Amino acid sequence: MLVRKLLVAGNWKMNGSIQSASSLASGLLSAIRDGIGYDVVVFPPFVHLPMVAHRLQGSHLQWGGQNVSAHSKGAFTSEISAGMLKELGCQWVLAGHSECRHYGQESNELVAKKFAQALGQGLMPVLCVGETYEQRESAETEAIIWSQIDAVLTEVGVAGLGQGVIAYEPVWAIGTGLTATAEQAQEVHQFIRSHLAVKDDIIARRMRLLYGGSCNGSNAEALFSMPDVDGGLIGGASLTVEDFMAVCQKADKLSKGE
Ligand code: 13P
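Residues numbered from 1 in each chain as written. Predicted model: local features only at pLDDT ≥ 70, side-chain atom pairs only at ≥ 80, totals over all residues. Heavy atoms only, no water.

Q: Which residues make up the overall build of the protein, and what values do they have?
A: Counting secondary structure elements, the protein contains 11 helices and eight strands. Relative to the 2.2 N^0.38 estimate, which gives 18 Å for 258 residues, the radius of gyration of the protein is 17 Å and therefore close to what a compact globule would have. Taken across its 258 residues, the protein has 52% of its residues classed as buried. When contacts within the protein are restricted to residue pairs at least 6 apart in sequence, those whose partners lie at least 24 apart make up 72%. Within the structure as shown, the protein displays about 11500 Å² of accessible surface, and the carbon and sulfur contribution to it stands at 53%. With 19 positive and 26 negative side-chain charges, the protein shows a separation of 7 Å between the mean positions of the two kinds. (Helix = DSSP H or I, 4+ residues; strand = E, 2+ residues; numbered from the N terminus. Rg over C-alpha atoms; globule rule 2.2 N^0.38 Å. Buried < 20%, exposed > 50% of the residue type's maximum accessible area, 1.4 Å probe, protein only. Contact = heavy atoms within 4.5 Å. Areas by Shrake-Rupley, 256 points an atom, 1.4 Å probe, with all protein chains shown as cover. Lys, Arg positive; Asp, Glu negative; His and termini not counted. Charge placed at Lys NZ, Arg CZ, Asp CG, Glu CD.)

Encoded structure:
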C-alpha cells in the first residue's frame with residue numbers, strides 16, 4: 001500500500017484545437033476506467049478549459065489551469081483569476097512552470113502569490129520547481145530548488161504549501177528528450193522531502209512530489225517506482241491518448257503493487 005496516491009498530470013501547454021482537445025478529453029475518459037488507484041489531472045489551454053470541463057464533468061478525471069493571476073480581480077488585462085478557474089470546475093492549477101518563469105519572467109515571489117491565490121479559492125496548486133543545465137553543472141540545484149520552495153513557504157507557510165503538490169521539472173529535461181534518471185529524480189525529491197520534514201514531518205510525508213521532463217511510457221515505471229516520486233507532470237507525452245495511457249498504465253500497475 002503506497003503512502004501517497006500516484007498522480008499523473010498532463011500539461012497540454014499551447015497545443016491543439018477545440019476539436020483535438022475535445023477528442024483527447026473524450027478518449028481519456030473512455031480509456032481510463034473509474035475506480036482507478038491513482039489520480040489523473042489534465043491542464044488544457046485556458047480557451048479549451050470550458051469544453052474540457054464539460055466533457056469531464058462528473059467523471060473521475062480532474063482538470064486545471066496552466067497558470068493563474070497573482071491578483072483576485074481588476075485591471076489585469078489578459079490574466080485569469082483563481083475564482084474564474086474555480087467557476088469552471090477546476091480543482092488544480094499550475095504555478096511557476098519553468099516556461100512561465102522564463103518567458104513570463106515570473107519571479108519566485110510572484111509565483112508564491114499565485115500559489116496563495118489558488119489556495120484562497122480552494123484550488124490545489126502544483127508548484128513547479130527546477131534548475132537549468134548551467135545551475136546543475138555548477139552544483140546549484142539544491143539551492144535553486146529550495147529558493148523556489150522557500151518563497152512559497154514565506155507566503156503561505158508549510159501548512160499552505162502542504163495543500164498543494166510540488167513538481168520537480170529540471171529545465172534541461174523539458175521537451176528535450178533528456179530525462180533525469182530515476183536516481184537523479186529521487187535524489188532531488190528526497191532532498192525536497194527531507195527539507196520539508198524539518199518544517200513539518202507529517203506534511204512532508206503526505207505531500208506528493210511529481211517528476212516532469214520528458215517523462216513517457218518508457219521511463220515512467222522506473223521514475224514512479226522511486227520512493228519519493230509520486231507521479232509525473234507530463235508534457236509531450238500527454239498530447240495523445242495512446243502516449244498518455246502508456247504513462248497511466250505504469251501508474252495503474254504500481255498502484256496495484258504489481
Ligand atoms: P515534456 O514532458 O514535454 O518534457 O514537458 C514536461 C513539462 O514541462 C510538463 O509540465
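Q: Outline the packing of aromatic side chains, supporting the account with residue identities and numerical values.
A: Per the stated rule, a full pass over the model turns up two aromatic pairs. Ring plane angle 85 degrees and centroid distance 6.3 Å describe the contact between W146 and F191, whose orientation is recorded as edge-to-face. With a gap of 45 residues between them, W146 in helix α7 (residues 141-161) and F191 in helix α8 (residues 182-199) connect regions that are remote in the sequence. With respect to class, W146 is no different from F191; both count as buried. (Phe/Tyr/Trp six-rings, centres within 6.5 Å; stacked < 30°, edge-to-face > 60°.)

Q: Let's hear about the pattern of salt bridges: which residues, and what values?
A: Think of it this way: side chains of opposite charge can pair up when their charged atoms draw near. Scanning the model with the defined rule gives 14 salt bridges in all. A salt bridge links K13 to E99, with the nearest nitrogen and oxygen atoms 2.9 Å apart. Of this pair, K13 sits in the loop between β1 (7-11) and α1 (18-31) while E99 sits in helix α4 (residues 98-103), placing them 86 residues apart in sequence. Classification of E99 as partly exposed rests on a relative accessible area of 24%. Among the charged side chains, a network of salt bridges with common partners joins R4, R193, D228 and D230. (Salt bridge = Lys/Arg side-chain N within 4 Å of Asp/Glu carboxyl O.)

Q: Pulling in residues and values, what's your account of the site of the ligand?
A: Taken together, the residues surrounding the ligand are N11, K13, H97, E169, A173, I174, G175, G213, S214, L233, G235 and G236. Measuring from an oxygen atom of the ligand, one finds a side-chain N or O atom of N11 at 3.0 Å. Backbone polar atom of G175 to an oxygen atom of the ligand: 2.6 Å apart, as the coordinates give it. Protein chains bury 95% of the 310 Å² of accessible surface belonging to the ligand in isolation. Split into classes, the residues belonging to the shell around the ligand amount to three nonpolar, seven polar and two charged. (Near = heavy atom within 4 Å. Polar contact = N/O pair within 3.5 Å; in protein donor to acceptor, adjacent residues only side chain to side chain. Nonpolar A, V, L, I, M, F, W, Y, C, P; charged D, E, K, R; others polar.)

Q: Can you tell me about the side chain of R208, naming the residues and giving the values?
A: Inspection of the secondary structure assignment puts R208 in the loop between α9 (201-206) and β7 (209-212). A polar contact of 2.8 Å, which involves the side chain of R208, links it to the side chain of D39. In contact with R208, other than residues within four places in its own chain, are R4, K5, L6, L7, D39, W92, V165, I166 and D230.

Q: Report on the packing of helix α5 (residues 108-120) against α7, specifying residues and quantitative values.
A: Running from N to C, α5 and α7 point in directions that differ by 25 degrees, and their axes come no closer than 7 Å. The angle between the axes of α5 and α7 places the two elements in the roughly parallel class. In terms of crossing hand, the pair formed by α5 and α7 is right-handed. Contacts from N108, E109, A112, K113, F115, A116 and L119 of α5 reach α7 at S147, Q148, A151, V152, E155, V156, G160 and L161. Considering only residue class, the contact of α5 with α7 consists of eight nonpolar, four polar and three charged. (Axes fitted to C-alpha atoms, helices over the stretch in contact; angles between N-to-C directions. Parallel < 35°, antiparallel > 145°, perpendicular 65-115°, else oblique. Left-handed = near helix turned anticlockwise from the far one by under 90°.)

Q: An account of the pairing of β7 is requested, with residue identities and associated values reported.
A: Where a strand is regular, its side chains alternate between the two sheet faces. Alternating positions in β7 separate into two faces, L209 and Y211 on one and L210 and G212 on the other, with burial throughout. When strand β6 (residues 165-168) meets β7, the two strands line up parallel, connected through three bridges. Bridge pairing links A167 to L210 in β7. Judged from the two bridges that link them, β7 and strand β8 (residues 231-234) form a sheet pairing that is parallel. Residue pairing across strands places Y211 opposite G232, the latter belonging to β8. (Pairing = 2+ DSSP bridges.)

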